[in-house]
Amino acid sequence: PTAIRREDYQAPDWLVPEVELKFGLDPARTVVTARLTVKRNGGHDRPLELDGEELELLSLKVDGEKREARFEDGRLVVDLTGAAATVETEVVIAPEKNSQLMGLYASGGILCTQCEAEGFRRITFFPDRPDVLSRYRVRLEADKARFPVLLANGNPVEEGEAEDGKHFALWEDPFPKPCYLFAIVAGDLQCNADRFTTMSGREVELGIWVREADLPKTRLAMQALKDSMAWDERTYGREYDLDRFNIVAVSDFNFGAMENKGLNIFNTRYVLADPETASDGDIDAVAAVVAHEYFHNWSGNRVTCRDWFQLSLKEGLTVFRDQGFSEDMGSAAVQRIDQVRTLRAAQFPEDAGPLAHPIRPDSYMEIANFYTATVYNKGAEVIRMMRTILGSEAYRKGTDLYFERHDGQAVTCEDFVACMEEASGADLRQFRLWYSQAGTPTVRARLEQVDGGATLHLAQEVPPTPGQPAKQPMAIPLKVALIGADSGREIAGERLVMLERAEQSISFAGIDEPAFLSINRGFSAPVIVEADRKPGEIEALAAGDSDSFARFEAGQELMIRDLLAAITSGGPVATDAILTAVGATLRSQSLDPAFKADAIALPSESLLTDKLDRADPARVHAVREEVRRAIGNALKDDLSRAYTQASAADPASLSGADKGLRRLRAATLALLAAGDPQFGAGLAQRQYDEARTMTERQSALMVLAMLGPDIAAKALDDFYARFEDDPLVIDKWFAVQASVPGEATLAAVERLQSQPAFTMSNPNRLRALAGSFAGTPSAFHRADGLGYDWLAEVIVAADKLNPQTAARFVAPLGRWRKIEEGRAAKMRGALQRILGEPGLSKDVFELASKSLG
Ligand code: HT7
Ligand code: ZN
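Being a predicted model, the structure only gives us computed values, none of them experimental.

What counts as what
- For every chain, the first residue of the written sequence is number 1, and numbering continues from 1 along that sequence.
- Here the convention is simple: chains get letters from A, ligands get numbers from 1, in the order in which they are written.
- Given that this is a predicted model, residues contribute local features only at a pLDDT of at least 70 and side-chain atom pairs are listed and counted only at 80 or more, while totals for whole chains, interfaces and linings are drawn from all residues.
- Helix and strand labels come from DSSP, where a helix needs a run of H or I of at least four residues and a strand needs a run of E of at least two; each type is numbered from the N terminus.
- In this treatment the radius of gyration is a C-alpha quantity, and the globule benchmark scales as 2.2 Å times the residue count to the 0.38 power.
- Remark: C-beta atoms are placed from the backbone, and a residue is labelled buried if 20 or more other C-beta atoms sit within 10 Å of its own, exposed if 12 or fewer do, or partly exposed between those counts.
- Once C-beta atoms are placed from the backbone, any two residues with those atoms within 7 Å are in contact.
- Throughout, the edges of the domains are those of an automatic or database domain assignment.
- Residues were grouped as follows: Ala, Val, Leu, Ile, Met, Phe, Trp, Tyr, Cys and Pro as nonpolar; Asp, Glu, Lys and Arg as charged; and all remaining residues, including Gly, as polar.
- The pairing criterion is simple: DSSP has to find at least two bridges between the two strands.
- To estimate the expected span of a helix, count its residues, drop one, and scale the result by 1.5 Å.
- UniProt positions are given in the numbering used here, feature names are shortened, and annotations may be inferred rather than shown by experiment.
- Residues enter a nonpolar core if they are buried, belong to Ala, Val, Leu, Ile, Met, Phe, Trp, Tyr or Cys, and are joined to the set through C-beta atoms within 7 Å.
- For every element, the axis is a line fit to its C-alpha atoms; helices are fit only across the contacting stretch, and the angle between N-to-C directions ranges from 0 to 180 degrees.
- For a crossing to be left-handed, the near helix must be turned anticlockwise from the far one by less than a right angle; the clockwise case is right-handed.
- Near, for a residue, is defined by distance from a backbone-placed C-beta atom to a molecule or strand, with 6 Å as the limit that must not be exceeded.
- As a per-residue quantity, pLDDT reports the predictor's confidence and falls between 0 and 100.

The next subject is the overall build of the chain. When helices and strands are counted, the chain shows 27 helices and 31 strands. Against the 2.2 N^0.38 benchmark of 29 Å for 853 residues, the chain shows a C-alpha radius of gyration of 28 Å, consistent with a compact globule. Projected onto the principal axes, the alpha-carbon positions of the chain cover approximately 85 × 65 × 60 Å. Here the chain holds 853 residues, and the buried ones make up 51% of them. Residue pairs at least 24 apart in sequence account for 69% of intrachain contacts in the chain once pairs closer than 6 positions are excluded.

As structure tokens, then:
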């Protein structure tokens, strides 16, 4: 496979202003008739080239005349002489055989589509690129009994009966859109219907379409949708634009959801939720994904991407918008901690590994591989930094200008930044490096104090990444404050420091007491801070930094310091500072429970591994467990008290306060069980038996599973029997067992793989098993390398069905540079075996070859 390069972009030779599509829907044999009005774009004499994949062409006509088809490099080439033409094709596709879940496919009796990024070419011949925008008119015809509901983008215009028990529906979307936003659905679906009145007084019909039995589980998603619509009006001045907004849930889906214009299609996982079957985390994710897809209506649909290198233009901005929504709907401080946790768990390793790429990549083999934490989450951090630098008001002026100027266009990241500059007057020339340079910058910080003043010495370094050996200094916005070592108060209030050079010093006047440094408050920049700390400084900040995020960070820094010292020295952990910090957090009268839960959680094994040079995963696990045990033992009374208090959470309530209590209850239960397994087993079993919510049930089940298969057996059996008919809950049953730390998990995973309920063709189920296993370091990194072999086999088998989903499991094998050489060699061996497979997809090939490189 060859690489596609950003610098090779060329405007399309032909535009397609109008598209008429007719679908004769049948799972085995669907006939798609397309009538494209094409217009020559510019003065050239090149033919029209149409992408197509796995299409059986029945006929081709140009301006009503039959034509012989000519193919070059897999594309249908149509010679045209004039400035415009009508091109008609008729093709056959087989949705029920489509296991890739791209294009038109069948999921549990529902026919649905997924076109982003390049799925439309699997439906009909078309210039499948985001800068070709068309108006669509779509006629769907299908058997009425099997497919009573027929949906497409836009507004419904006509419906009626057809021959042989069939019926039809005609839909029109007045907004020109790229083909990746095209969608249709046909199935036996029921609707949770509601309405929303927009700020200008227009009535919008809302529908969430699911299988009848799932209707009661759509209430939370509907509320999230209405909240999102109101929030986008309030916060960004953006109003919805069609008469209808439909969401459909399907159980086979490669990703979370898809923002098709007026017809979002969701993985059931991000629609169906109630407190008995979904945890608080799942419920929050439903709201965030509903919001994310809805927000795309402006950031993505009305203003779209010129080419796929600009993906972060819509994804980074939309993640930032959904983060803002979640912050406003819940606790902003806790949300920020969660966002940074996600970034560190998913994006920092990407930036530090063989697959590192800038948020606007320069080349790709398979674009589906670039729906990454870098493009999404680091992309969102880049937008957040711009807001921090410009201020909220100028940022809003910038987005207003962007949406107004580029409405109906396919644009670039550069166009977005230019709007920000123009609206604010700021100079973002250096800031643009965040779009082009990969790698997480490290900022070294040292606070020097001499009579009456303080100087903050900063230095930055951006590490080399594949294809980018040398880097320029970035523009890094750091929120900084100084905290009095004696008073504990802010003696220099928070200020924004712009670090723009490799080294820079900043002075603070009037500092007449010893000061501690609170830096990168609120995580104002996605960087790694390495600060020279004075004795007692980090402990003091963990106990009382006035910025709650910085306080959380200080606690983490303290834990990381002591854990890493023990891991590298080979000796026992000095737990005193950790025990003092965790004890104080548990006993605090002022901290809220959700924050407490975050603050007492130890940094993950993956995060510790990332900070080490060639780690031994078994040693990392052993040391972390030693500390969990020490906390559980030494702080048993504090933990028990907190656990009991947290048990007062109202199971019927989804308020931030009750969710926070449940979070603290789960965190304290896990530590109590680590300290005293017998006591913990009893407590967890009781919590499981008395659980009224999935949050309580799932956290108890996880603790039992960690205590051993015999202890967990009864609850696991009960869980399966209780939720047998609920696939999303059975995913949890798989995930819990595949997430148990330790080398014995592989055997359990192999047993689970041969369970009748396991299937590789459902991405959620595969992720529940393989994703959970590969995400559990002490299980995956067995010294004998069998964990790697198992994953490699899964990747190869899954690749034959669904390359996009298979490719998602390659990255864990690519982290070999972080792991001690014995295991690392086995990881490389597994990658080599994957690459030796004949007929590998370009999705898996790209990631496996880059991972070895
Ligand atoms: N924009 C959507 C991306 C997406 C996707 C990408 C590749 C393969 C399948 C996919 N399904 C959805 C999701 C989003 O960011 O909202
Ligand atoms: Zn998105």
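Once the structure has been displayed, the description carries forward.
Attention shifts here to the domain arrangement of the chain. Examined at the domain level, the chain breaks down into domain 1 (1–41 + 48–188), domain 2 (304–436), domain 3 (442–525), domain 4 (527–675) and domain 5 (724–853). Facing the four residues of domain 1 at the interface are eight residues of domain 5. Here the side of domain 1 that touches domain 5 is composed, by residue class, of two nonpolar, two polar and no charged.

The sheet built from eight strands is open, its strands ordered S6-S5-S9-S3-S2-S12-S15-S14 with mixed pairing. Looking at which strands have only one partner, the edges of the open sheet turn out to be strand S6 (65–66) and strand S14 (155–161). Two strands pair when backbone bridges link them, and strand S3 (residues 30–40) and strand S9 (residues 84–93) are joined in this way by ten bridges, in the antiparallel orientation. By the bridge assignment for S9, Val31 is matched with Val92.

Let's shift gears to helix H18 (residues 694–707). Compared with an ideal rise of 1.5 Å per residue, which puts 14 residues at 20 Å, H18 spans 20 Å between its outermost C-alpha atoms and is within 8% of the ideal. Counting buried residues in H18 gives 13 out of 14 residues, a clear majority hidden from the surface.

Mapped onto the present numbering, the UniProt feature "domain: Peptidase M1 membrane alanine aminopeptidase" (unreviewed entry) falls at residues 221–431. For residues 221–431, the end-to-end C-alpha separation is 37 Å, with 55% helix and 9% strand making up the annotated structure.

Counting residues in each nonpolar core, the largest one holds 257 residues, and the members touching the most others are Val185, Val248, Val286 and Leu791. In terms of residue count, helix H16 (residues 656–675) provides more of this core than any other element does, ten residues in total.

Now for the pairing of strand S17 (residues 190–197). Relative to strand S18 (residues 203–210), S17 runs antiparallel, the two being bridged by eight bridges. Opposite Cys191, over in S18, you have Trp209 as the bridge partner. Counted between consecutive antiparallel strands, the loop separating S17 from S18 contains five residues, among which Gly201 sits at a positive phi close to 90°.

Turning our attention to the packing of helix H15 (residues 636–646) against H16. Put simply, H15 and H16 touch, their axes get as near as 8 Å, and they point 145° apart. Crossing handedness for the pair H15 and H16: left-handed. For the pair H15 and H16, contact is made by Lys636, Leu639, Ser640, Ala642, Tyr643 and Ala646 and by Leu661, Leu664, Arg665, Thr668, Leu669, Leu671, Leu672 and Gly675, respectively. Tallied by class, residues from the contact of H15 with H16 come to nine nonpolar, three polar and two charged.

In the vicinity of ligand 1, 15 residues are found, and the nearest of them are Glu116, Asn254, Phe255, Met258 and Tyr371. For the shell around ligand 1, the secondary structure elements donating two or more residues are strand S20 (257–258) and helix H2 (280–295). When the residues that make up the shell around ligand 1 are grouped by side-chain class, the tally is six nonpolar, five polar and four charged.

With their axes 9 Å apart at the nearest point, H18 and helix H20 (residues 727–738) run at an angle of 35° to one another. Judged by the twist between their axes, the crossing of H18 over H20 is right-handed. In this structure, H18 contributes Gln698, Leu701, Met702 and Ala705 to the contact, and H20 contributes Lys732, Val736 and Gln737. Across the contact of H18 with H20, the residue classes tally to four nonpolar, two polar and one charged.

Another aspect to go through is the confidence of the model for the chain. Here the chain averages 98 in pLDDT, while 100% of its residues score no lower than 70. Interface predicted TM-score (ipTM) for the complex: 0.99; the corresponding pTM is 0.99.

Here we take up the pairing of strand S8 (residues 75–78). Taking every second residue as pointing to the same face, the buried face of S8 carries Leu76 and Val78, while none of Arg75 and Val77 on the other face is buried. Here three bridges tie strand S4 (residues 48–50) to S8, and the two strands are oriented antiparallel to one another. By the bridge assignment for S8, Leu48 is matched with Val78. The pairing of strand S7 (residues 70–72) with S8 spans three bridges and is antiparallel. Along S8, the bridge assignment pairs Phe71 with Leu76. Where S7 folds back on S8, the antiparallel hairpin that results is connected by two residues, among which Asp73 adopts a positive phi of roughly 50°.

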